[in-house]
Structures are given as C-alpha cells and as structure tokens.
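Chain and residue survey
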Amino acid sequence: MSLFLIAALPFLGAVFPALLIRAGRNAAASAAGLTTFLALMGLLIHIPSVMRGDVVTARFDWIPALGLNANFMLDGLGFLFALLILGIGLLIILYARFYLSREDPMGQFYTYLLLFQGAMVGIVLSDNILLLLIFWELTSLSSFLLIGYWKHLPEGRQGARMALAVTGGGGLAMIAGMLILGNIVGSYDLSVILQNKDLIQASPYYMPALILILLGAFTKSAQFPFHFWLPHAMAAPTPVSAYLHSATMVKAGLFLMARMWPVLAGTDAWFYIVATTGLVTMLIGACIALFKDDLKALLAFSTVSHLGLVTMLLGFGTKIAAVAAIFHIINHATFKAALFMTAGIVDHEAGTRDIKRLGGLRQLMPITFTIGTIAALSMAGLPPLNGFLSKEMMLEETVHTTWLHSHYLVPGLALLAAVFSAAYSFRFVGHVFLGPQRDDYPHHPHDPPVGLWLAPAFLVVLVVLIGLYSAAIVGPLVAVVSSAVIGGEKLPYYSLKLWHGFTPALYMSAVATLGGLFLLALHNRGEQIWNALPRPEAKVIFEGVIGAFTTFSHWITDTLHNGVISRYAIILVAFTVGLGYYAYTTGTIGPETREPLPIQIIPFIGWICLVGATLAIMWFHRNRLLSLVLIGVVGLIVSMAFNYLSAPDLALTQISVEVVTMILLLLSLNFLPTDTPWDSSAARRWRDAAISVVAGLGTGALIYALMLRDFAFPTISEFHLANSYKGGGGTNVVNVILVDFRGFDTFGEIIVLGIAALIIFALTEAVLGTNVRGYLLNRKPHWPQSGDSHPLMMVVATRVMMPIALMVGAYIFVRGHNQPGGGFIAGLVVAIAFLMQYMASGYTWAIERQRFYYHGTIGWGVLIAAATGIGAWFNERPFLTSDFGYLHWPPLEEFEWATAILFDTGVFLAVLGAVMLALDSLSRFAWQPGMAQEFPMDINPLRDDQKDDEEKEQA
Amino acid sequence: MEALVASAVGIMTAAGIFLILRRRTFPVILGLSLITYAVNVFLFATGRLALDAPAVLNKYEDVPYTDPLPQALVLTAIVISFGMTAVIVMIALSAYLSSKDDHIDMTAQDCVDGAGEDA
C-alpha cells in the first residue's frame, strides 16, 4: 500500500464513525476499527523491505517554491512507531467500544481518535520537516479534542487547555528550530538533513536550533519542567489516556529525538541538556508517582518517569544507549497501555480509582488481577518480563556514563529512580489487588466482559513473550530500528537476553527491587513526610502565568482599543505624518526633470472653485445639506479635471459615481440630524487643524515633487500601450487593462463591490427587523414635504428619457473596448436611468415594475465574468486569457469581437446590481404605508396643508 | 498646472483629515469622500500629467499617449470607493436609527455595557 494511503486512511476513515453512529455504536466502532486495520495491513506488507533495511518512499511535490513537499518515507524507526500507533490504536478502539457508556457520543470519539491517529502516523512517516510540523500541530489539536472529550467535566476542559497550551507552545518553538535546521542544510527533506551531521553541528545556529527543537520534543514528551500537563490530561476517558499517554502522543517527542539523533546527538550540549533533563524527569516522575492515590495519576507520573528514562538514554549519545532506548520504547508501550486499560477496568467495575478506597480485588477480579500484576511487575523491572530487559540495559549504560567527571552521579540517581519505580509498581499491585477484601467499594467489582480485558490481555502476553524470547520476537525489529536511529552505521554489539552474568546492572536491579519493597512497606510513614513537605503545585503556577498573560492582553486591548474612533484616526494620521517626515529627512530626491505644464485660465477657475468649495466644507460642515452641495462641486471639478488631463474614462466614471453618491448621501441625510453640533473644544479643533494642515502639506508636496520628475524605473505602461491592440484587440488601453491585462483584479473588484452591496442589504434587513421600523413609520420629516410628491413634469421627462438613457448605456458599453466607455461606466449610467424612475415616480411604483432581484444581477455578473475566465481553460490557456478576432458583415464596417466583452458584461451587471441594491436598501427606510398610489402622478393636498392643519389644531 | 493639482490634493487631504477627526458620523463620511478624491487624484497624477493625449490608440498617426495604468487603477478605485461610502453610510445610519446617537466614539459606559453583553 502506498505510504500516502496509509497516512491518509485514518483521515478518510474519520468521517465514517461520525456518520455511522446513527446505525449504532457497533457500526461506528467497526468503521474505526476497519480503517485502522486496513492501514495496519498496508503497513505490514512493507515488512520485508523494511526488514532488509530499505527505505520505502513516496514523493509528491506540493509547494516546491517553499520546499514543502508531501514526501513520506518508511524506515525502521517510522515502521516501529507506525506499528505502535496503529496496533495499539486497534486495541484501544476495541477497548473503548466497551468502556464508553451509553451517554457518551461515541461517533465523535472515534472521529477524534482517527484524526489523532492520522496525525501521528503522518509525523512518523514524514520525510519533510515542514510536513512533519503540520502533522505535529495536528496532534496537538486533535489531542485537545480527545482530552476534553468529556466536555461537561471542568477538569477535562482545563486539562485539554493546558495540554494544548504546553504542547502547542512547544510546537511553535519547534517550528522555528526546524526552519533554522532547514536553512542550515538548504533543504527541508529529512533524508537530506540526516546526511549533513557535520554541516549542522559546525553551524553557529546549531545551539538555537537544538534548543528550539528540544523545546518541542520536551513539551510533547512531558519532560521536566513541562511534565505537569500530562497528569492533568488524565481527566480524559481512560482509552484516550491509554492511547495518548502510553504509545503515541507523548512518544512523539521521543520519536523526534530519535529521528534527529544522527544529526543532533553526539555533542556536549546534547548530552548535558537531554540526558540531564531525562534523568531529572525520571527521578521526579517516579518519586511523585509513589505518592499519588489516583490510579491514573500514578500511571501518568510513572509515564513521565519512563519517558525521562528513554530521553536520558537518547541523551547519552552512544549507539548502544540508543538501542536500549528503542527497546524500552517497545516495552513501555506494551506494559503501560495494558496498565492504563487495567486502571480503566478497575475504575469501571469498582466505581473508583482511588487507591485508598481499593484493595483486595484479587479474588473479585482474577483476570484483571493477573493482567495488572504481570504488567506492573514488568514496569517494576522484574525478570523474566520485558521491562526487566530494557531496565537492565539502561542501568548498564548509566554505569558507563560520567557526568561532569563524576562516575557515580548518573548511576546513583538512576538507581534511586529505579527504586521508586519498583515501589510504585508494587503499590499498584499491593494496594489495589492484594490485601484484605473490603465491603465499601462504590460498585460490586467483578471481572469485565471479554471486550474490555481482551486488549490488555493481548498486550500482557506480548510482555511475557518479549521477556522470554526477546531475541526471537523483537530482535530483528530492534536491530532495524536502531540502525535507522543511528543513521545506518554499524550496530554495536548487544544481546537481548535475560541472563548476562553477574554484572553491575544485575546488582542494581536487585537493589532496586528490594528497595522498592522496603519503600512500600514504609509507605504510610513516607506519605506523612511527603504530605508535610511544601511542593509547588504546577497547576496553580500555570494558571497564574496564564492569568497574568490574560490581564496583560486585556490591558493592551483596553488601552489601544477603547472604542474612541477619533483617537485611532489621530494616531494613524500622526504616525503616517511622522513616517513621511522621517522619509523626507533621511531620503534623497533627484533634480526636477520635467517642465511643468502651463496654467491656463479655465483650469485655474476650476481650481478656485474646488479649493473654495473644499475650504467652505471645512468651515460650514455643521450645516450638513450645504456641505453636501459643496462636495458635489468638488466631485464635479474633479471629473472635469480628469477630462482635461487626458483621462476621459475616469471623467465618465467619476461623474456617474458622483450622481449616485449624491443621491445616496441625500437619502441618508433624510434620516440623520441636519446639523452637526459643537462637540470639541477650540483647543482640540486647533490641534486637529494643525495635524490636517501638516498632512495636507506633505501629501501636496509629495505629489508635486513626483509630477516634476520622470520615473525612477522604467514603467510597465509601455508594454500595455504596445500590446493593447495586438494582444487585447482594443484601442482603449484603459479598458483593455481592466478587462484583459488586469482582468483578475477587476474580477476581484466586482466581487468586492457585490459583497459591499450585500452587506448593505443585510444591514437593512437587520435594522428593519428591530424597533427601528416603528420609529421610521412614525417619524416626522426634517423638512416640510411637497404635496406634489411626484411632479408631473419630472415623471413624464424621466419616462421619456428611460429608453434614451438605456441606449446611451448600451452605446457606452459596446464602444468601451475601443473608445472611452466600458462595463463600469455603462453599469453606472444604466443604474442612474433606473434611479431616475425611483425618484420621479416613487419607490413603490418602481419596485412594482421591477422584474428581477438585484442580488441576482450581482450574482449573474460575477458568474458570467468567472465563466468567461474559465472558458480560457478549455483552450488550454490560463484563467481569463481573452481571445479576439474580426468580423466583416457587409454592409457594416469590419468590426472586432473579443471574449473580453463577455467579461465586461459581467462587470456591467455586477456594478448595476450593486449600485441598485445599495440604493434600493436605503430607500426602504423611507417606506411608509399609504405611499402606494394607484396613480403615480397624484397630488396629495393633505401634505401641502399640513402646516395649516397644525396651526388649526393649535388654535 | 502641476502646482494646481498638487495644491488641490493637499487641500482636499487636509480638509478630509480635519473632517474625519470630528466626532459625528456625517462629517466623517464627508471627510472620507474628500480623502477619496484626494487619493484618486494623487494616484492618477503618479502617471504624470499630459494634455490632449488620452490612452486611446490612434491607428493612423503616431501621437503621444498618457500613462494608462494609473487610470485603470483609479477607475476601479472610484467604483469601489462608492461601495465603501455606501457601506459606511449604511452603518452610520443603522447606528443612528438604533441608538438615536451619531457619535462615533464609544464612551467608557458603552465599553462597560458592551463587555457585559459579551460575557
């Protein structure tokens, strides 16, 4: 099976449990199980090539420009982890089916589990570190869902958040580290990176990369001081704990260290950081575990301790230690998963997992007792179980390790940890199963149905078999994996067997076992001392840190974003002015190279009008109607200026936009107050004026300097002028740029315009749905209204003009490609033609005759433009490539057709629809009952007489 | 000519900024419109000014053309700015009709109320 498929299967399969849960819990579990089984089979058929030492690869260039390729590889290391993930995953799926209760949403559970499984498989099969990072983050996210699966439990939610914060934060550090690593080597492919040990270790960036990557690995693998999230994650259902915290997620960090071992290990920095962290973690974890009364907490801290053990072995940096690390990973996964499942069974059947309330379950739950005891003894490191073998190897390695010239420090502390480890393992057996039978269990404990004990039993069989026949069962696997870890070099001599003779490790094992028994015997006394000792509570510290961050971000947000918009505006303007000043004082400017154009009299008059109107707006802006009139003057002069300065298209657009904008603003002024009151103090106004004047001076000076100098770099306009006719088939270069050269931009812009119109529509709907509607219906207009609401002359004139206006629109549209005009302008002109009808005959009259919705017009416009663009694909051209040709139909003159005209049709429709929808929405505010008149040219004498009526009433 | 265009751009910018620093919605809308004019003319003018040289190709004789690129950019900018004006007008209008208040700034009390609604 292709590696792509193995990695993709869990993701694909994740859909099914969520769907099949409607067919029952068995269906959902079977779907999840089948998916995992298929992936596992797909993995197993690669056994022959993996065992030969080959590397199976599957490559696919995803985003080559970024070096992000979907490359997968399967070597011994990846195979071992994939086997653990899928194999234990299968057992967990079986176990969870019987563990979860009827109230738990099982479909969700399996979906999350498969997502997590897929992410894990992705990590171990990735041959590209960027891809690996993606999967890495995915495991953080999906484990968040799994840990917080019992959403109703606050512990679950807190634990999930903590796990996400710690592992996700570590993941961020790792991203940085991996990017540094990729930059050193010049490739993001793992297989390339792994061959550049010397290059990486010689690089000055080796230390930062190492620390950042280790941060990711340590947080994920719960190494001290990041170990605190793991026990809190135990709020998850037991299958999740068994899966995430025995075989998979916490092993991801170990996997990463093993994966990077060939290039990162072997330096002093690696040894002191990794081995020390591992040693400390192993000791602290084992020590805390002994004093935990919650079965799962005990197992959690024991996991922390064992992860520390493996980390320490990897940190030693010797080949033989790496072999021991790999062997212990296998062993730990088997006995720890079985122990978690046993704990779950005890919890499930006895109703509690508090060790203080348990004991004497030996005869009540014989099967569970057997399974739990074997697994726990393996954890304690007793022969002939598999835990003994790898612990023995570990102790042997510590004896050969010197830490800062001290021969005794590492073995001594490791031995101490082994003593504690034996003690808590014995406690697991002694205080839960042995001892006198009690009669105050919350439930009546009994052995569970076979579905629950089958999975741990299978693992325990493995525990025993690996212990007895290690060389035969896992020998080849350990060899292949180890050689993958140490980078394909020759394996050192080692032998996986129970009896090595009277070695120091054997004595240490014996001491550990006896010491463990001794400690357990003194447990009550030890517990008193332990409880009396002051200990930092990680959760309190974590929450304190998070709380401090929250307070800090609240402070930033509340200070910067306090809702005073004029403050944001003034900060923005002042900052921009400051930037401009900085650029002005530090930059250089070339000499003037262009002659200014002469000033003619008519433009000068226009300038006076514009400046006068602008200043008047500033002065009279409290009178809103007057300032609207004045801004109309400004717009008009601007359009004339465009026309004068050789931009006929702009002039046409500006003047038609001007018309619709004015109508829009006038309509809105109908509802807004007519005057702006004095709000600001004189000092504030002077300050604002000063800032505005400086900004205006800067802008004016900038554009003045720009206009008198030639382009600093050759412009691309020449290309457009030269190719407009040859390539685009049109002589109006501006229009050809819009519909052809920069068609994609235009396509985006009509979509934006359409969205703006839809926002306006939605806002109208929302506002009219509230009590605003009542206010509007009872509103008194600002100004007295004319009784002649639809003047006869205007109605007649606009109706006569309608066809003419449409004709003008069509003409402007068709000539657009070769002469000033085009879809934008035509859309605006036709919109004005419609608006005239609204204004003259009234909103009600107009919408009664409206045959289509403006939403649809926008939609069709965008669709037609898109379809034109897609049409290019059928000619194997890129999106929006236009085509054109010439037709000669006698007696007409030869004319040109271009696909661009279809695109322009889309533009036309979108602009038309957007303008109409915007104004139509606004008009709905003005609607009042009784507006609909049978005769549009009616005269309503009541309205004229309103004033008189009021006077009469007052009288 | 350049001096006229530049001074017009500067004055429109100044007036526009002064108006967007006011505290009511309507002057801010007017200010944004003025800034829109200023920015459009500014962008247009980056193509340098030319008289009687529209960018419409003449098949029959060799004539100078003005720079078409800024014109194309400004053309869409004009239309988009209409959409933007329409949206802010509608937001201002809805806000005014809902609260009978056309201040743009939230008061400290508003912030407290808003936070209360979120929680």
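In the nomenclature of an unreviewed UniProt entry, chain B corresponds to Multiple resistance and pH homeostasis protein C from the organism Ruegeria denitrificans. One UniProt comment on chain B, placed under Sequence similarities (unreviewed entry), says "Belongs to the CPA3 antiporters (TC 2.A.63) subunit C family."

Under the annotation held in an unreviewed UniProt entry, chain A carries the name Multiple resistance and pH homeostasis protein A and is attributed to Ruegeria denitrificans.

When its secondary structure is counted, chain B shows four helices and zero strands. In sequence order, chain B lays out its α and β elements as α-α-α-α. Evaluated residue by residue, chain B yields a buried proportion of 62% over its 119 residues. Across chain B, the fraction of contacts at a sequence separation of at least 24, relative to all contacts at a separation of at least 6, is 55%. Summed over its atoms, the accessible surface of chain B is roughly 4,400 Å², and 62% of this surface lies on carbon and sulfur atoms.

Structurally, the position occupied by threonine 334 of chain A is in helix 17 (residues 319–350). Setting aside its immediate chain neighbours within four residues, threonine 334 of chain A contacts Asn386, Leu459, Leu462 and Val463 of chain A.

Residues and elements named next belong to chain A. Along the chain, the position of isoleucine 93 falls in helix 5 (residues 76–99). The class of isoleucine 93 is buried, set by a relative accessible area of 3%. When the C-alpha atoms of isoleucine 93 and glycine 33 are compared, they prove to be 6.2 Å apart, with 60 residues separating the residues in sequence.

All right, on to helix 40 (residues 900–924) of chain A then. Helix length check: helix 40 of chain A (25 residues) gives 36 Å between terminal C-alpha atoms against 36 Å at 1.5 Å per residue, within 8%. The buried fraction of helix 40 of chain A is high, at 21 of 25 residues.

The subject of this paragraph is the interface of chain A and chain B. If you look at the interface, chain A gives 112 residues, while chain B gives 80 residues. Surface buried jointly by chain A and chain B totals about 8,900 Å² across both partners, of which 78% is contributed by carbon and sulfur atoms. Connecting chain A to chain B are three salt bridges. In this structure, aspartate 679 of chain A and arginine 24 of chain B form a salt bridge, with 2.8 Å as the shortest nitrogen-oxygen distance. Applying the counting criterion to the chain A and chain B interface returns 24 residue pairs in polar contact (both at pLDDT 80 or more).

Our next topic: the domain arrangement of chain A. Considered domain by domain, chain A is made up of domain 1 (1–264), domain 2 (319–521) and domain 3 (730–955). Computed over C-alpha atoms, the centres of domain 1 of chain A and domain 3 of chain A are 55 Å apart.

Right, let's talk about empty space enclosed by the protein for a bit. Over the atoms rolls a probe the size of a water molecule, and in doing so it shows where empty space is left. Enumeration over the complete set of coordinates arrives at eight cavities of 30 Å³ or more. Lining the largest cavity are 15 residues, and of these Val657 and Thr661 of chain A together with Thr36, Tyr37 and Ser81 of chain B sit closest to its centre. Elements that contribute at least two residues to the lining of the largest cavity include exactly helix 30 (648–669) of chain A together with helix 2 (25–45) and helix 3 (68–99) of chain B. A per-element tally of the lining of the largest cavity places helix 30 of chain A first, with six residues.

All names here are of chain A. Put simply, helix 17 and helix 23 (residues 475–485) touch, their axes get as near as 9 Å, and they point 125 degrees apart. With respect to their mutual orientation, helix 17 and helix 23 come out oblique. The way helix 17 lies across helix 23 gives a crossing that is right-handed. In this structure, helix 17 contributes Ala322, Val323, Ile326, Phe327 and Ile330 to the contact, and helix 23 contributes Leu477, Val478, Val481, Ser482 and Val485. Grouping the constituent residues of the contact of helix 17 with helix 23 by class yields nine nonpolar, one polar and no charged.

About the thresholds
- Residues numbered from 1 in each chain as written.
- Chains lettered and ligands numbered in written order.
- Predicted model: local features only at pLDDT ≥ 70, side-chain atom pairs only at ≥ 80, totals over all residues.
- Heavy atoms only, no water.
- UniProt positions renumbered as here; feature names shortened; annotations may be inferred.
- Helix = DSSP H or I, 4+ residues; strand = E, 2+ residues; numbered from the N terminus.
- Buried < 20%, exposed > 50% of the residue type's maximum accessible area, 1.4 Å probe, protein only.
- Contact = heavy atoms within 4.5 Å.
- Areas by Shrake-Rupley, 256 points an atom, 1.4 Å probe, with all protein chains shown as cover.
- Expected span 1.5 Å × (residues − 1).
- Buried area = accessible area lost by both parts, 1.4 Å probe.
- Salt bridge = Lys/Arg side-chain N within 4 Å of Asp/Glu carboxyl O.
- Polar contact = N/O pair within 3.5 Å; in protein donor to acceptor, adjacent residues only side chain to side chain.
- Domains from an automatic or database assignment.
- 1 Å grid on protein atoms, 1.4 Å probe; cavity = no way out; pocket = protein on both sides within 12 Å on 5 of 7 lines; lining within 4 Å.
- Points joined across faces, edges and corners; volume = space filled by probe spheres on them.
- Axes fitted to C-alpha atoms, helices over the stretch in contact; angles between N-to-C directions.
- Parallel < 35°, antiparallel > 145°, perpendicular 65-115°, else oblique.
- Left-handed = near helix turned anticlockwise from the far one by under 90°.
- Nonpolar A, V, L, I, M, F, W, Y, C, P; charged D, E, K, R; others polar.

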